[in-house]
Every structure is written in C-alpha cells, then in structure tokens.
Amino acid sequence: MRREVFVALVILSLIAGSLLPLLVQQILRTPSTETPTKTPIATTPTSPEKEASPVISAPSGVSVFKSYDELMSFLDTVTRIREFLSGGLYPPVTQITMATSSAIPLASPIPIDQLRMMSAGVTAQTPRISGTNIQVEGVDEPDIVKCSSRFLAVSSGNKVYVVGVSEKRVLSKIILSEQENVRGLFLRNNTLVIVTQSILSTPIRIQIASCDRCVFVLPVGVTNTTLYIYDLSNPAEPRYLTRISVSGAMLSSRLINDYLYLVTTLPINRDVVPAVNGVALPPSSIIVIDPVPTAYTIVLAVDLGRLEYSVYSFMTSYNSWLYMSLTRLYVASVSIPSMYEAYKYFIAAASKYLPENVTSEATRYMARGELDKALNVVRRYVETLSREESNALMQSISKELSNTSLRDSTRFYVFSVNGVGIKFVGSFEVDGRILDQFSMEETRNYFVVATTSNSFNIGVSWSAPYIKDTFTKTVAVQTQSEAQIYVCRGGECRTITITVTQPPVTTPPTAPPSNVFSVYVAVSRDTENNVFTIDLSTLKVVSGLRELAKGERIYAARLLGSMLFLVTFRQIDPLFAIDLSDPSKPRVLGFLKTPGFSDYLHPLSRDLLLGIGLEDGRLKISLYNISDPTNMSELAKILVPGRSIALSDHHAVTIDPDNKLVMIPVNIELSSGVLVISYRDNTLTLIKFIEHANALRSAYVDNELYTISSELVKVFNILTLEQTRDIPLK
C-alpha cells in the first residue's frame, strides 16, 4: 500500500475499542473403581502420515499487502497509534438481588416402573445417538465428548480416551504434550479432530528471506491453536493423519459436513505476524479490514477428506463471539467508547472557551490524528492560568460535556464460506453488546441480533493551582559519617571505626505545581435492550426494537422459526416473545414475568421451551408453554440447591426426545452428578439424581446412558436408570 493509504488509514482509525478477555475451563479429577480388562493402546503424535496441503487463492475486493516490508511499516504505524489510545474501560460489576419465588407446585418423581412402561414403545431401526447440543442444525460445535454407534471420544486435560460402546472399556488413548490443553473435539464418520491450545514458553523468531529488516517474533505468552486429525476406523489403533498449527487463541470452531472452520485471534503488535505450522502467512493472505486494527482474526478452513486447507488473516478489532450458518460465518466484536472519543469531545468542548490561536492549533493536530500534540497545546495554555481562571474553564468544559452521552456497540464481520473458500463480504455495526452466540441468528435472508446497551458519560477532573514561586537554586552539600567494620580471626572479632566522606548531593530545581486535568469515561447504570434485523443482501440495519425492559439486561435469547424469545432480568424474569415474520417490522407479541431468570433457553417442541437459570440462589429448571406467544405460561419448575455447568456451557445439556428426558450435570452442596428430568405430559418431573463426582457431560447410544467426568464413565440402562458398568479413564 502506498504511503497515502497509510496516512488515510491513520486519520480514519481513531475509533478504537478495547480488548476483552477470554475464559478458561478447569477439569477436576475423580477416583475410579474398576480396572479395564485389557490395556489400551496409548499413542503420542510424532510424525503424521502426511502434511496437510495449503490451497492458495488470492482474495478479491479487499486490501492486502504486497510485501512483508509493507506489512512491517503498517504494523509500526498501527502500534504507535494503539499505544497512545490504550485506555480501555470496563463497566462496574452490578450486584443482582434475587426476587422471592412464587408458589408453583412441583410434581412428585415418576416411579422407575412407570418410566419403563413409558419408554417400552421406543424402538429404532438405526442406533439412537446423542449428538452435541448445537445452535444451528447441520453446523457442529466443538465439545469435550463426541460419540458414535461404536465408541465415545472423551477429552481430559492433554489426553483423549476412545471408549468402546460394546466393549465397555477404554480401547485406546491419545496423549499430547503436557503443554497442550484440549479445547474441543469433532467427530466426522471415523475422523477425529482434536483442537488444542498451548502457551508459548519460548519465543519463535521468524526471519523473512526476502526482507532483511523483516524479523517477526511470536513472544512468550502467545497462544497457539493446533488441530490433530486421526483416523479411528479401528478405534483400538488410532492413525495419526496430520496436524495444522495456527497462531492465536481459539475464538471457536465449527464443522459442516467434511469442512472444519477454525477462528483464532492474535493481538497485533509491531513485530508479530500470524503463522501456520511455524511459517509466516504470506502478505497476500493478510487483509486489512479496520483502519487501526487490534487483532489478527485468523480463519482456517480444512477439508477433512482431502486434508487440504486455506487460511487468511483479517486485521480487525478484537473479537468476542462467533456464529455460523451453512453458508456464512459471523465474527462479533464488542466495543465500548474509547479514550480517543472522549478526548475528541473534550477538545471540541474546550475550543468554545479557548483563545482562537489555541483552538486553531489544537484542531490542526486533531485533523492529522495527533491527539497527544493537541492535548499538549491545551495543557500548556491551562498552565498559564490562575487558580480561579483554571477552575472557571474546567467547570465550563465539564458542563458542556455533561450533555454528551456515548454508547457501546457490536461490530459484525461477515464471511461467506464454500468448502475451503473464504471470502470477506463486509461488516455492520449495531448499538449495544451481545451476550453470547444465541444473541444472534440467521433467518432467511436476514440476520437477527439482540443487544443490551449501556450509556457512558464523559467527565473532567482537575487539581493543583498554579503557584508563581519557583525554585531554581542548586545546592551541593558534602557530608561525613562513620562506618564500622567487623574483623574476625580465630573466633575473635573486633570493630574498626572509619570516617567516610559522602560525595556532594545536588538538589535539582523544583518545578512549580501546575494545573492538572484528566478526562475519564464513566458507565451509566441505565441500560436498555434492543433487537435489530439486518438485510444480508446489503448488510444494512432495516429495523430495530429499542428500549425493551429499561434498566435490565439480556440473560438469554433463542430464535425459533420466526419467533425470538428473550429473557431480561433485574428483579423479575420477563420472557419476551418477539414476532419476526416480517423482519422489517418486528413486534412484541407478549411477555411473561416469573421470579429468577433463565441463562439458557432450549426448545423441546413447537409448544414447549426449557429454561435453565437461577432463582433465590438455587438452580432453576423451568418449562414454558409458548403455544400462544401472546399468553405464555410457566407450566412447572424444579429448584435445586446447587449450580450447573449448563449455566455457562450449553453443550452440557443432553436431550433425549424419544424418552422425553433432560440430563443436566449439577453440583449439590458437597455432592455432584447428573439430574435426569422428564418433560412428559407438559410438566417437569425429577426422575433421579445420579451421583457421579465432577460429572461434566452425559450421552446416550441406543438405550445406554453414559455420565462422564474427566476420569470415569458410568453406564446406565436409560429405561431403568440402573447402573451396569464403570469405565475408568486411564
């Protein structure tokens, strides 16, 4: 890119967001009770059968780099701007007060014999296999457990165990390096993909042969994401096919048929470039999207059949969530007001009260994007003022800024996907921030987004009056002191006192105190919720419902057909039903107020919606009747004195639609296990609490139910819930 392009990017850039952290899951250990009858084969990946082949294709319609030298220049410019604007702000944590629960009768548990009679008619010509609980049909998501009719793949730390369904034992295990942590698994027919993350403990230096000054470094602490691909046609002897290692922490990944899509994020710094298998991405594969990006968004597409891949890095803002349909990939970046915006408004407000020459100079620097110089102009002028003049100026500026309100926002980057083909389509932005992946969904040719908006106020603080007395005298003082030296010989010690002359000490001039001011951004506690629809043919927002449940925030969302169900919470739990049959005119059909709130919503049928959340500090499982969105009702609920991983990870929820059962891992006081709940006859009934220390998942194959922890798989008859086997993972 030419120099003029860089200058244009710098001027356009200064609307930067702040970085958001990522979450790490810890898996606990649990004792086992039974030894397998045969020692499983343990494999450690060494040399794969083949190296995955990159598919090279030049992107169209986007700005790419012609050389690494050009990339280095851009990184230097961007890094300097970001270093000056690194003033991220985070809203304070709000304490939530639970509402008092209402009296909804809870049904008694169904006897096991009755459950057996209910399920007696359930037969299938093909094996019943529980899949991963996903958002979009046909788009698989990574999880720590995957199952087929022949085996279960269970990850634990840096290991993956292959458990035989008929053998009831560990057939093999894959052991990765101790530095790697398994973030998720995919299973496509007999192909197993293990997604791992590791932290660099030593820097990786990448020298570009064609550019002497282009030395890139992946520093210590940078995250690396690796795909290990295995053939499990013989589950007892996994075949290591290939590996692909990509710079950056995994945002998420998806699998559509034979194509796996992985998205990672890598912070942008002066000498950092993304790499695949230790080789820097070619500059033609690095695409500038945002003028002053904060992160590389790396998109890797892998053909699991051919073991071919393509990879591109898009220079964007730091990303928070991912959503994928069958043809499009959406990456969401949440942004709160930057310090640049605050200072921009400050200088605009100050210019009304500053002398014309000061205003002109500050404005000239701002037009060039030199915010630091513009602020220095204002500071130099303020330091010439008396205390009274400084106070009057700052009070006027502060009053002017009190009328300014900033908003948070979410920016979406849209990519079209076709096999290993990846194309950047464009981006759009909406007010507010999304909660999670369920806050966004594609329906027909529209994209639906639910957000919670916060307002931010700009303020000014100032102190220290100007004092005209100055201290410029330098004083040199020479001093003497005594020192004692201890001399010991043969167990006897004596003291020698000597005189030490200290060198002259020079006292530097004392600078006079000056008027000091600072600009800050404070979050307002007033919130409101919004629903936006975006026309995917234009990437334009075509409609929006605003100011839903003011003062509350979104806790859960789920789009079912053309109906969006939304949960907000502050003191009670309103469940909104929003009609999107005409995406250009969304409308609220009804809402239901219940105590507590739901963190996760799951459709059980056309008329029934499951909610998992909290009420009065207890785990709450609710069943809602949504057959009439204008008159919804809570049919039943179960309150459990504990917590569940399902509150933050929907993959932990297992639904058996044939037997109308819900399985949820829970921790109850000092015990843990899996709740088995029936949703027959439009009610919720607790069937059994299966005790299983540190249980994380459940799965089923035919009529066998598996509860799974990091060290033990328990097997049950799903009709009687009687345990038949323990399978230690070792």
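Residues numbered from 1 in each chain as written. Predicted model: local features only at pLDDT ≥ 70, side-chain atom pairs only at ≥ 80, totals over all residues. Heavy atoms only, no water.

A short note on the overall build of the chain
Stage number 1. Helix and strand content of the chain: seven helices and 48 strands.
Stage number 2. Long-range contacts, defined as pairs at least 24 residues apart, comprise 60% of the intrachain contacts of the chain with a sequence gap of at least 6.
Stage number 3. Summed over all atoms, the accessible surface of the chain reaches about 32,900 Å², with 50% contributed by carbon and sulfur. (Helix = DSSP H or I, 4+ residues; strand = E, 2+ residues; numbered from the N terminus. Contact = heavy atoms within 4.5 Å. Areas by Shrake-Rupley, 256 points an atom, 1.4 Å probe, with all protein chains shown as cover.)

Observations concerning the state of the cysteines
Stage number 1. Counted under the stated rule, the structure contains one disulfide.
Stage number 2. Linked covalently through their sulfurs, Cys-211 and Cys-214 form a disulfide whose S-S length is 1.9 Å. Where Cys-211 bonds to Cys-214 through sulfur, the torsion about that S-S bond is close to 60 degrees, and the disulfide is right-handed. Across the pair, Cys-214 and Cys-211 agree in class, each one buried. (Disulfide = S-S within 2.5 Å. Buried < 20%, exposed > 50% of the residue type's maximum accessible area, 1.4 Å probe, protein only.)

So, the environment of Glu-141
Stage number 1. Mapped onto the secondary structure, Glu-141 falls in the loop between α3 (112-119) and β4 (145-147).
Stage number 2. As for Glu-141 and Phe-186, which are separated by 45 residues in sequence, their C-alpha atoms are 7.5 Å apart.
Stage number 3. Those residues in contact with Glu-141 that lie beyond four places of it in its chain are Thr-132, Asn-133, Ile-134, Gln-135, Lys-146, Leu-185, Phe-186, Ser-253, Arg-254, Gln-437, His-650 and His-651.
Stage number 4. Polar side-chain contacts of Glu-141 include one of 2.7 Å to the side chain of His-651. (Polar contact = N/O pair within 3.5 Å; in protein donor to acceptor, adjacent residues only side chain to side chain.)

What about the confidence of the model for the chain?
Regions with low pLDDT carry predicted coordinates that are not meant to be interpreted in detail.
Stage number 1. Looking at the chain as a whole, the pLDDT averages 82, with 79% of positions reaching at least 70.
Stage number 2. Note on residues 87-124: pLDDT is under 50 here. Beyond four places in sequence and across chains, it has 74 contacts.
Stage number 3. In this model, residues 483-491 is a region of pLDDT below 50 whose contacts with residues beyond four sequence positions or in other chains number 19 contacts. (pLDDT = per-residue confidence, 0-100.)

Here we look at the sheet that holds strand β22 (residues 328-335)
Stage number 1. Spatial ordering of the open sheet is given by β21-β22-β24-β25, a layout of four strands whose pairing is antiparallel. Every other strand in the sheet has two partners, leaving β21 (321-324) and β25 (421-431) as the edge strands with one partner each. With strand direction ignored, the average angle separating the axes of adjacent strands in the sheet is 20 degrees.
Stage number 2. Both β22 and strand β24 (residues 409-418) contribute to a ladder of eight bridges, which runs antiparallel. (Pairing = 2+ DSSP bridges. Axes fitted to C-alpha atoms, helices over the stretch in contact; angles between N-to-C directions.)

Details of the environment of Asn-625
Stage number 1. Its place among the elements puts Asn-625 in strand β38 (residues 618-625).
Stage number 2. Along the backbone, Asn-625 and Ala-636 are 11 residues apart, and their C-alpha atoms lie at a distance of 9.5 Å.
Stage number 3. A distance of 2.8 Å separates the side chain of Asn-625 from the side chain of Ser-627, its partner in a polar contact.

A closer look at the packing of aromatic side chains
Stage number 1. For the coordinates displayed, the defined rule picks out 19 aromatic pairs.
Stage number 2. Ring geometry for Tyr-555 against Phe-597: centres 4.4 Å apart, planes inclined by 55 degrees, an arrangement best described as tilted. Here Phe-597 lies in strand β36 (residues 597-603) and Tyr-555 lies in strand β32 (residues 553-560), a separation of 42 residues in the sequence.
Stage number 3. You can call Tyr-555 buried: its relative accessible area is 5%.
Stage number 4. Among the residues examined, Phe-597 registers a relative accessible area of 4% and is labelled buried.
Stage number 5. Ring geometry for Phe-569 and Phe-597: centres 4.7 Å apart, planes at 50 degrees, overall tilted. Placement of Phe-569 in strand β33 (residues 563-569) and of Phe-597 in strand β36 is noted, with a sequence separation of 28 residues between them.
Stage number 6. By the ring-pair criterion, three or more aromatic residues cluster together here, those being Tyr-323, Tyr-330, Phe-412, Phe-428 and Phe-447.
Stage number 7. Here Lys-344 stacks its cationic end above the ring of Tyr-345, 5.6 Å away from the centre of that ring.
Stage number 8. The ring of Tyr-365 has Arg-364 sitting right over it, with the charged end atom 6.0 Å from the ring centre. (Phe/Tyr/Trp six-rings, centres within 6.5 Å; stacked < 30°, edge-to-face > 60°. Lys NZ or Arg CZ within 6 Å of the ring centre and 35° of its normal.)

Some points on the pattern of salt bridges
Stage number 1. Across all of its chains, the model carries 24 salt bridges by this definition.
Stage number 2. Put simply, Asp-231 and Arg-239 hold a salt bridge, and the shortest N to O gap is 2.5 Å.
Stage number 3. For Asp-231, a relative accessible area of 12% translates into the label buried.
Stage number 4. For Arg-587, the salt bridge is made with Asp-579, and the minimal N-O distance between the two is 3.4 Å.
Stage number 5. Overlapping salt bridges bring together Glu-615, Lys-620, Glu-634 and Lys-637 as one network. (Salt bridge = Lys/Arg side-chain N within 4 Å of Asp/Glu carboxyl O.)

Re the sheet that holds β36
Stage number 1. The four strands are arranged β36-β37-β38-β39 in an open sheet whose pairing can be described as antiparallel. The sheet is open, and its two edges are formed by β36 and β39 (633-640), each paired on a single side. Taking each pair of neighbouring strands and ignoring which way they run, the sheet shows an average axis angle of 20 degrees.
Stage number 2. Pairing geometry for strand β37 (residues 608-615) and β38, over eight bridges, is antiparallel.

Here's the deal with the nonpolar core
Soluble globular proteins tend to pack their nonpolar side chains together in the buried interior.
Stage number 1. Judged by nonpolar contacts, the single largest core of 49 residues is most densely connected at Leu-71, Phe-216, Tyr-296, Leu-300, Val-302 and Met-315.
Stage number 2. At seven residues, helix α2 (residues 68-84) tops the list of elements feeding residues into this core.
Stage number 3. Every residue in contact with Val-302, bar those within four places of it in the chain, is listed here: Leu-227, Ile-229, Ile-244, Asp-258, Tyr-259, Leu-260, Glu-308, Tyr-309 and Val-420. (Core = buried A, V, L, I, M, F, W, Y, C linked by side-chain atoms within 4.5 Å.)

Topic: the pairing of strand β43 (residues 671-678)
Stage number 1. Within β43, seven of the eight residues are buried, which leaves the element mostly enclosed by the surrounding structure.
Stage number 2. With eight bridges joining them, strand β42 (residues 661-668) and β43 adopt antiparallel strand pairing. The partner of Met-663 across the bridge, within β43, is Val-676.
Stage number 3. One ladder, built from six bridges, connects β43 with strand β44 (residues 685-691); its direction is antiparallel. Bridging from a neighbouring strand, Gly-673 pairs with Glu-691 of β44.
Stage number 4. With antiparallel pairing between neighbouring strands as the criterion, β43 and β44 make up a hairpin whose turn holds six residues, including Asp-681 at a positive phi of roughly 55 degrees.

Some remarks on the side chain of His-602
Stage number 1. Positionally, His-602 belongs in strand β36.
Stage number 2. Within the structure, the side chain of His-602 is placed 2.7 Å from the side chain of Tyr-600, a separation counted as a polar contact.
Stage number 3. Beyond its immediate chain neighbours, meaning those up to four positions away, His-602 contacts Asn-133, Arg-558, Leu-608, Leu-609, Leu-610 and Ile-655.

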